[in-house]
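Observations on chain architecture
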Amino acid sequence: MNEWKELFLMYCAFAIRSINMDIEPSTDVKRDTNVTVRCQAIVSSSGQQALSRAYTIFKDSIKVYTKTTSSSEDLLYQLPEARVSNTGKYKCKIDIEGKSMNSDTKKLTVTGLTTPVLHLSRGVLPPLREGEEVTARCTAPGEMGSIIFYFYVDSKEILEERVNSNHVEVKLRFSNAGFQKVHCDYTVIITPDSIKSKESNSVSVVVKELSIAPVLEIIPEQNIYEGDNLSISCTIRNLQHNSDNIKLYLFQGTRLLPKVNYSITALTKDSGEFECRLEIGNVVKVSTKTVSVTELFSEPTLTVSPAEVFQGDEMKLTCKSAYYASERIRKEEVTYTIDPLESQLITNREVGVFSGRTLQSDFNYTCTAQAKGIVKHSKPLTVRPKVSVSQPNISVVGRVILGRPFQIRCQSERGSLPINYTLLKKYDALNMTTIKPPSRLALFTVTIQQPAEIKEYMCEAQNNHHKEGLLSKRLNANVTVPLSEPTLTVLPDLADIAEGDHLYLICSIRGTPPVTFKWYRSGNTQPLFAITSFQASMDYQVERLRSEHSGTYYCEATNHANVMVTSQSVTIDVRMAMWKKGVIVASCLLVVAVLVLLFILRFRAKRGKREAAAELSVKPSSPKSDDSLTVNLTHDTEVYNAATVRVDRAATSVWSERPPNAASDEESSVASNEPDVEYTEVVHPQPKDAARVPLRKGTDTVYSELQNSPCGDADHHDYQGAVEYAELNGEHPEISQTRTDITRHQDLPVPVD
């Protein structure tokens, strides 16, 4: 079978295209309307064989109808003569070979309930007896679903019953005699709502009362006082039935008394309602009466005076009854006692008054009032003796900073609260505060302007209005004086600071130590140096000052007042050391001297060359007379006729001039082994053969080096190594004429020895 199914699915493809659901004739109808739920599915397939379709109808998500068919026609779900119970949300689902699709949900609302019908098993006649049961049947014609039925007697609901049918039967019992009316109604449960029906028809019932009845008797019934004998009895009147089915009870309020005949001594607590209850099967009859007992005297009240007592103080306890029945008793007949007896309190002459000293701890007292056998106790009184306040301690909270608010703490180690604390200055009250639990100390805010003011404060503590308060000692605390603006002192004087000096930056303040000093250089966020000291001034030292130490400096200071104060800035200019200045001056002078000397030497050298070019000065090795000296110069292999030069001693040149007293020295120099060197200016005449004479530019000046013999006779020695020095000036060669005298020798430079 499965193989055929697989083959069918293989060769026959299908698709569920849509499914729609409609409620006809409408989604809102009245009862008894025929309603149809139509489910229409559109399915497309490739084969001719009909597909098996499984339809399911849901109401409020609960499956109410299913059908499987091969027909492509719409599925119809009929609701003939619709009832309110058909109200709900409907939905249709189709399944084909594992594929399924749901329609949209639509709600059907049916309105209108039938009127219920009530029927009793007994009519009006004969009358029902008191406590007799009757069967009641309430019917909701044509309704279905979950229904709750309600039963009423004289419009008072007495019973409720829920069923899944359209009728219900219950048992009703009538306990009260007389004419009564009974009816019913119902409610159809529709999730999530319910719809209530109209009331049913009313059925009248007559109930006849039983002649038997309970009797409650109280003696005396009025003017009952405490201490009177009170008798209470509960009996039955017209007892005609079997006593086995009868029960009789006596109640005092909600308390069941052990006997139906009761005798007690009347107390105020016995005031209230008494009830005699008779039960005959399902019939219950009661008889009630109220008893009022008047107090003979009221409950005593225990009080203490004074209201506030301290340890060891005298106190009085008074026990009194505020009220007594003067028509029955005299005030003196009421006696009082104090409990416990070991409390060691003394009875005064006055009735109900007891005196004594308070204990060191809390103690509970009670008192008892008694008259004509009636005893009453007071409520417990707890006497809590207070502890007298001790001398307060005065101190400050945190630091005391001059000119700023601070708190003064005043506290006593012992003493019962509340305590009144008063702050005094020079014995004048400044402020008062009352301290209550849970606090234990008083705080006062003050400000002082002088350090000495701190010792002018005291505080007073008081918790007993009958005694004077206790004064504390004078306030003693350290006062922090804020720092003044610091003064930055520089040593040595600013005008005398030079390189190599030892610099002192002294920061001085006025205020309370310890003080934290910090030195800064402008442009730096980090301090150069910081120190905390108890002194009023500190210094920052810089050894061996250098030029890079120049700059602007300042100092900051702070103490426990937490106020940073800053000095004025000081600009330090480190000057050059004196010895450096001397060295620089000397160096400059030396450089100037060298430059001047070089300039002079260069100037003389140039002038000497110019004069030598114009004149030829010959200085003999050892001139002894004014005789002229004739010198023959050779140039290469040819000898030119040199001009005869006369040397006039009166006009000497740079090289030939000697001091007059130097003759002997020069003579001694002739005898030395080293030859003397003489420079002679030679003027070449114009040769006849121009081809043999080399062309020269300008003026040709030739210097020949002549070596004197040791003997001083230049003519007798042949000098093989003659040296010529020529200065060429101009572009055309010129031959200067022989000059017999020298005119420019005085301008020649003087040789340096």
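Further up the page is the structure itself.
Just so it is clear, the model here is predicted, and its values are computed rather than measured.

1. A few points about the overall build of the chain
Summing up its helical and strand segments, the chain has 3 helices and 57 strands in all. Across the 753 residues of the chain, 36% fall into the buried class. At a minimum sequence separation of 6, the contacts of the chain that also span at least 24 residues come to 64%. Carbon and sulfur atoms form 50% of the exposed surface of the chain, whose accessible area is close to 45400 Å².

2. Some remarks on the nonpolar core
Judged by nonpolar contacts, the single largest core of 26 residues is most densely connected at Phe149, Phe151 and Phe174. Those elements giving two or more residues to this core turn out to be β10 (117-120), β12 (133-139), β13 (147-153), β15 (167-173), β16 (178-190) and β18 (203-208). Broken down by element, this core gets its largest block of residues, 5 residues, from β16. The residues contacting Phe151, other than those within four sequence positions of it, are Leu118, Ala136, Cys138, Lys156, Glu157, Ile158, Leu159, Val168, Val170, His183 and Cys184.

3. Considering the side chain of Ser484
By the secondary structure assignment, Ser484 is in the loop between β44 (479-480) and β45 (487-491). Residue classification places Ser484 among the buried positions, given a relative accessible area of 18%. Not counting residues within four places of it along the chain, the set of residues in contact with Ser484 comprises Ile509, Arg510 and Val565.

4. Structural notes on a nonpolar patch on the surface
A cluster of nonpolar side chains, Leu590, Val591, Val594, Leu595 and Leu598, forms an exposed patch at the surface whose accessible area comes to about 470 Å². Among the secondary structure elements, Val594 is positioned in helix α2 (residues 578-614). According to the relative accessible area criterion, Val594 is partly exposed, its value standing at 38%.

5. Overview of a positive patch on the surface
Taken together, the side chains of Arg602, Lys606, Lys609 and Arg610 define a basic patch exposed on the protein surface. Locating Lys609 in the fold gives a position in helix α2.

6. A short note on the environment of Val397
Relative to the helices and strands, Val397 resides in strand β36 (residues 393-397). Residue Val397 is classed as partly exposed on the basis of its relative accessible area, which comes to 32%. The sequence separation of Val397 and Phe444 amounts to 47 residues, and the corresponding C-alpha distance is 9.8 Å. Every residue in contact with Val397, bar those within four places of it in the chain, is listed here: Gln407, Arg409 and Leu443.

7. A closer look at the sheet that holds strand β41 (residues 442-446)
Where strands meet in a sheet, backbone hydrogen bonds hold them as pairs that are either parallel or antiparallel. What the 3 strands build is an open sheet, ordered β36-β38-β41; its pairing is antiparallel. In this open sheet, the two edge strands, each paired with only one partner strand, are β36 and β41. The sheet shows a mean angle of 30° between the axes of neighbouring strands, direction not considered. Pairing of strand β38 (residues 406-411) with β41, which is carried by 5 bridges, proceeds in the antiparallel orientation. Following the sheet pairing, Gln407 is matched in β41 by Thr445.

8. Quick notes on the sheet that holds strand β40 (residues 428-435)
With respect to topology, 4 strands assemble into an open sheet ordered β40-β39-β42-β43, the strand pairing being antiparallel. Each edge of the open sheet carries a strand with a single partner, namely β40 and β43 (470-471). Across 6 bridges, strand β39 (residues 419-425) lies against strand β42 (residues 457-462) in antiparallel orientation. Residue pairing for β42: Leu423 is matched across the bridge by Cys459.

9. Some details on unusual backbone geometry
Here the amide bond leading from Glu24 into Pro25 is cis, since omega sits at 5°, within 30 degrees of zero. You can see Pro25 is positioned in the loop between β1 (14-24) and β2 (28-30). Residue Pro492 follows Leu491 across a cis peptide bond; omega there is 0°. Considering the arrangement of structural elements, one finds Pro492 in the loop between β45 and β46 (503-508). Here Tyr427, not a glycine, exhibits a phi torsion of approximately 70°, which is positive. In this fold, Tyr427 is placed in the loop between β39 and β40. On the basis of relative accessible area, Tyr427 is assigned to the exposed category, the value being 52%. Here the phi dihedral of Asn562 falls at roughly 60°; this positive angle occurs in a residue that is not glycine. Structurally, the position occupied by Asn562 is in the loop between β50 (551-558) and β51 (565-566). The exposure class of Asn562 is exposed, given its relative accessible area of 66%.

10. Re the packing of aromatic side chains
The way to describe two aromatic rings as a pair is by their centre distance and the angle between their planes. Inspection of the entire model under this criterion finds 9 aromatic pairs. Judged by centre distance (6.2 Å) and plane angle (35°), the rings of Trp519 and Tyr540 are tilted. Residue Trp519 is located in strand β47 (residues 515-521), and its partner Tyr540 is located in strand β49 (residues 537-542); the two are separated by 21 residues in the primary sequence. The buried category is assigned to Trp519, whose relative accessible area is 0%. Among the aromatic residues, ring-to-ring pairing joins Phe517, Trp519, Phe529 and Tyr540 into one connected group. The lysine or arginine in question, Lys99, covers the ring of Phe14, its NZ or CZ lying 4.7 Å from the ring centre. The cationic tip of Lys376 hangs over the ring face of Phe297; the distance from NZ or CZ to the ring centre is 5.1 Å.

11. So, the pairing of strand β14 (residues 156-163)
As judged from the 7 bridges shared by β13 and β14, these two strands associate in the antiparallel manner. The residue of β14 that forms the bridge with Ile147 is Val163. In this structure, the hairpin formed by β13 and β14 is closed by a connection of 2 residues, where Asp154 is found at a positive phi of approximately 50°.

12. Structural notes on the pairing of strand β25 (residues 272-280)
With 7 bridges connecting them, strand β22 (residues 246-252) and β25 associate as antiparallel partners. Along β25, the bridge assignment pairs Gln252 with Phe274. Hairpin connection of β25 to strand β26 (residues 283-291): 2 residues between the antiparallel strands, including Gly281 at a positive phi of 60°.

13. A few points about the state of the cysteines
Here a disulfide denotes one covalent bond, and it connects the sulfur atoms of two cysteines. If you walk through the whole model with that rule in mind, you get 6 disulfides. There is a disulfide in this structure between Cys39 and Cys92, and the S-S distance comes to 1.7 Å. Its S-S torsion of approximately -80° makes the covalent link between Cys39 and Cys92 left-handed. One end of the pair, Cys39, is in strand β3 (residues 35-45); the other, Cys92, is in strand β7 (residues 88-96), with 53 residues separating them in the sequence. Using a relative accessible area of 0% as the deciding quantity, one classes Cys39 as buried. On the basis of relative accessible area, Cys92 is assigned to the buried category, the value being 0%. In this model Cys138 forms its disulfide with Cys184; the gap between the sulfur atoms is 2.0 Å. Looking along the S-S bond of the Cys138-Cys184 disulfide, the torsion reads about 80°, which is the right-handed sense. One end of the pair, Cys138, is in strand β12; the other, Cys184, is in strand β16, and 46 residues separate them in sequence.

14. Examining the pattern of salt bridges
Summed over all chains, the structure comprises 24 salt bridges. Here Arg38 ties to Asp74 by a salt bridge, and the two come within 3.4 Å at their closest N and O atoms. Taken together, the residues span a long stretch of sequence, with Arg38 in strand β3 and Asp74 in the loop between β5 (62-69) and β6 (75-79) at a distance of 36 residues. Looking at Arg38, the relative accessible area reads 25%, which means it is partly exposed.

Procedures and definitions
- Residues numbered from 1 in each chain as written.
- Predicted model: local features only at pLDDT ≥ 70, side-chain atom pairs only at ≥ 80, totals over all residues.
- Heavy atoms only, no water.
- Helix = DSSP H or I, 4+ residues; strand = E, 2+ residues; numbered from the N terminus.
- Buried < 20%, exposed > 50% of the residue type's maximum accessible area, 1.4 Å probe, protein only.
- Contact = heavy atoms within 4.5 Å.
- Areas by Shrake-Rupley, 256 points an atom, 1.4 Å probe, with all protein chains shown as cover.
- Core = buried A, V, L, I, M, F, W, Y, C linked by side-chain atoms within 4.5 Å.
- Patch = residues over 30% accessible without salt bridge, like charges linked within 9 Å, V, L, I, M, F, W, Y side chains within 5 Å.
- Salt bridge = Lys/Arg side-chain N within 4 Å of Asp/Glu carboxyl O.
- Lys, Arg positive; Asp, Glu negative; His and termini not counted.
- Charge placed at Lys NZ, Arg CZ, Asp CG, Glu CD.
- Pairing = 2+ DSSP bridges.
- Axes fitted to C-alpha atoms, helices over the stretch in contact; angles between N-to-C directions.
- Phe/Tyr/Trp six-rings, centres within 6.5 Å; stacked < 30°, edge-to-face > 60°.
- Lys NZ or Arg CZ within 6 Å of the ring centre and 35° of its normal.
- Disulfide = S-S within 2.5 Å.

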